[in-house]
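# Remarks on the overall topology
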Amino acid sequence: MSKPVSGDFTKTPGWLDWYTGPSKPSFQLPPGAVDAHCHVFGPGAQFPYAPERKYTPCDASKEQLFALRDHLGFARNVIVQATCHGADNRALVDACLASGGRARGVATVRRSVSDAELQALHAAGVRGVRFNFVKRLVDFTPKEELLEIAQRIQALGWHVVVYFEAADLPDLWEFFSALPTPVVVDHMGRPDVSQPLDGPGFGLFLKFMRQHPHVWCKVSCPERLSLAGPPALNGQTAPYRDVLPFARRVVELFPDRVLWGTDWPHPNLKDHMPDDGLLVDFIAHIAPTPELQRKLLVDNPMRLYWPKE
Ligand code: 0GY
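Note that this is a predicted model, so its numbers are computed, not measured.

### Observations regarding the sheet that holds strand β3 (residues 103-107)
If you trace the eight strands from one edge of the open sheet to the other, you get β1-β2-β3-β4-β5-β6-β7-β8, paired in parallel fashion. If you trace the sheet from one side to the other, it starts and ends with β1 (34-38) and β8 (258-259), each paired once. Pairing between strand β5 (residues 159-163) and strand β6 (residues 183-185): three bridges, direction parallel. Residue pairing across strands places Val-161 opposite Val-184, the latter belonging to β6.

Dropping the structure here:
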């Protein structure tokens with residue numbers, strides 16, 4: 001894959017570029033597998049980054065995303081609006097429209113979005129909105145504004161994707177409970193994997209999932225959550241093995257409400273950039289049977305993003 005560039009924008013200092021030579025996974029994805037969390041960035045010269053962004057990424061185009069999809073063996077993508085594009089969904093829509101029906105989108109919208117704009121997003125393939133609560137990434141949006149958006153997109157059959165830090169779950173619990181649509185949690189609610197699997201922190205997240213049948217979970221981003229790192233760094237046998245038991249627990253407890261994604265092009269990473277082929281190999285460790293793998297990679301994302309009408 002060709003090298004990333006930064007268009008007319010200067011990339012945030014310290015940021016690593018995405019990995020241009022991903023390995024071929026040794027884990028064979030089931031036919032029809034969906035990469036249910038990835039992004040497109042720009043290119044900035046064509047789709048400018050948002051003035052209110054907290055970081056400037058290197059470009060990661062739709063062509064580069066689709067090349068990665070084919071290289072890894074995925075059939076489809078769910079492209080999630082990243083904060084560097086704010087509520088300007090043009091790059092996302094452009095990618096969905098160019099995918100030939102093989103990509104769906106999760107957009108970011110403001111309360112001022114019109115019904116016609118929502119309809120146009122739907123026609124392009126958008127099936128959800130993302131509410132981001134990670135303070136280093138976004139400014140605060142009042143909850144009543146988010147609730148109003150959720151009520152409007154419910155009518156389109158969409159869902160809400162949420163991104164938050166584990167420490168903020170108690171404060172967000174009631175708000176998430178009140179959302180009228182399915183709620184998809186990014187990256188397992190960012191557990192602290194130095195804490196015990198059966199400890200209070202992750203226990204609260206599992207309780208949250210148990211008590212809310214409308215909540216789904218992406219068992220993604222081991223590279224973001226891991227303290228141990230990939231095997232290349234320290235010769236471990238399994239990649240990101242400290243994250244593995246957390247992801248596996250969620251898959252085994254809630255096999256019909258889990259999704260998986262690469263998170264390519266991996267924004268905001270400064271210590272190492274994952275090999276996406278290796279990330280795919282991680283799946284075999286968290287979903288150990290063909291049935292769990294099929295649910296995680298095919299049945300669940302298809303139900304949410306490509307439902308039979
Ligand atoms: C991710 C994770 C991150 C970034 C964003 O929208 C974003 O900018 O989600 C992160 O920095 O943890 O899902 O891509």
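### Here's the deal with the pattern of salt bridges
A complete count under the given rule lists 20 salt bridges for this structure. Residue Arg-152 is joined to Asp-115 by a salt bridge in which the shortest nitrogen-to-oxygen separation is 2.8 Å. Taken together, the residues Arg-152 in helix α4 (residues 143-154) and Asp-115 in helix α3 (residues 115-124) connect sequence positions 37 residues apart. For Asp-115, a relative accessible area of 54% translates into the label exposed.

### A closer look at helix α6 (residues 200-211)
Here α6 contains twelve residues, and its C-alpha end-to-end distance of 16 Å stays within 8% of the 16 Å for a straight helix at 1.5 Å per residue. Turning to α6, its buried residues number three or more, namely Phe-202, Phe-205, Leu-206, Phe-208 and Met-209. Taken around the axis of α6, the buried residues stretch over an arc of 150°, which confines them to a single face. In α6, the exposed residues that point more than 90 degrees away from the buried face are Pro-200 and Arg-210. On the buried face of α6, the contacting elements are α5 (169-178), β6, β7 (215-218) and α9 (244-253).

### What about the environment of Gln-211?
Mapped onto the secondary structure, Gln-211 falls in helix α6. Considered as a pair, Gln-211 and Ser-177 are 34 residues apart in the sequence and their alpha carbons are 9.3 Å apart.

### Overview of the site of the ligand
The environment of the ligand is made up of 16 residues, and the closest members are His-39, Tyr-55, Thr-83, Tyr-163 and His-187. With respect to the ligand, the side chain of Thr-83 contributes an N or O atom lying 2.6 Å from an oxygen atom. Across the complex, the protein chains shield 100% of the 340 Å² of accessible surface that the ligand would expose by itself. Here the residues of the shell around the ligand sort into five nonpolar, six polar and five charged.

Calculation criteria
Residues numbered from 1 in each chain as written. Predicted model: local features only at pLDDT ≥ 70, side-chain atom pairs only at ≥ 80, totals over all residues. Heavy atoms only, no water. Pairing = 2+ DSSP bridges. Helix = DSSP H or I, 4+ residues; strand = E, 2+ residues; numbered from the N terminus. Salt bridge = Lys/Arg side-chain N within 4 Å of Asp/Glu carboxyl O. Buried < 20%, exposed > 50% of the residue type's maximum accessible area, 1.4 Å probe, protein only. Expected span 1.5 Å × (residues − 1). Arc of directions from axis to C-beta. Contact = heavy atoms within 4.5 Å. Near = heavy atom within 4 Å. Polar contact = N/O pair within 3.5 Å; in protein donor to acceptor, adjacent residues only side chain to side chain. Areas by Shrake-Rupley, 256 points an atom, 1.4 Å probe, with all protein chains shown as cover. Nonpolar A, V, L, I, M, F, W, Y, C, P; charged D, E, K, R; others polar.

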